[in-house]
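Per-entry structural report
So you can see what is in the structure, the chains are spelled out below.
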Amino acid sequence: MLGQIALIIRYILYPLAGALTALGFVSFDEATGTLTVYLNDLAVVLAGLVIYAATVIWSRVVKKKGGAT
């Protein structure tokens, strides 16, 4: 089961990395070979993802304890 979850997470991270690049949070300068990450914009996106993950986890905890969400 753990291997399947790791595989699913990996498949989610691939398009997420591409989306971050496409949205301009990350840029690559070919002349110098450097990768630049814009932390302010990335922090806003990551905060949203953390809140979303927290709501999903909270829902699972409540359902496991017999509650309804």
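Thresholds applied
- Residues numbered from 1 in each chain as written.
- Predicted model: local features only at pLDDT ≥ 70, side-chain atom pairs only at ≥ 80, totals over all residues.
- Heavy atoms only, no water.
- Domains from an automatic or database assignment.
- Contact = heavy atoms within 4.5 Å.
- Buried area = accessible area lost by both parts, 1.4 Å probe.
- Polar contact = N/O pair within 3.5 Å; in protein donor to acceptor, adjacent residues only side chain to side chain.
- Nonpolar A, V, L, I, M, F, W, Y, C, P; charged D, E, K, R; others polar.
- Pairing = 2+ DSSP bridges.
- Helix = DSSP H or I, 4+ residues; strand = E, 2+ residues; numbered from the N terminus.

**Topic: the domain arrangement of the protein chain**
In terms of domain boundaries, the protein chain breaks down into domain 1 (1-37) and domain 2 (39-68). Between the C-alpha centres of domain 1 and domain 2 there is a distance of 20 Å. Of the residues lining the interface, four residues belong to domain 1; the matching set on domain 2 comes to five residues. When domain 1 packs against domain 2, the two sides together hide about 410 Å² of surface, and 87% of this comes from carbon and sulfur. Summed over the shared surface of domain 1 and domain 2, the number is one residue pair in polar contact (both at pLDDT 80 or more). Grouping the constituent residues of the side of domain 1 that touches domain 2 by class yields four nonpolar, no polar and no charged.

**Focus: the pairing of strand E1 (residues 26-29)**
Alignment of E1 against strand E2 (residues 34-37), held across four bridges, turns out to be antiparallel. Looking across to E2, one finds that Val26 is bridged to Val37. The loop that links E1 with its antiparallel partner E2 comprises four residues; one of these, Gly33, has a positive phi angle of about 75°.

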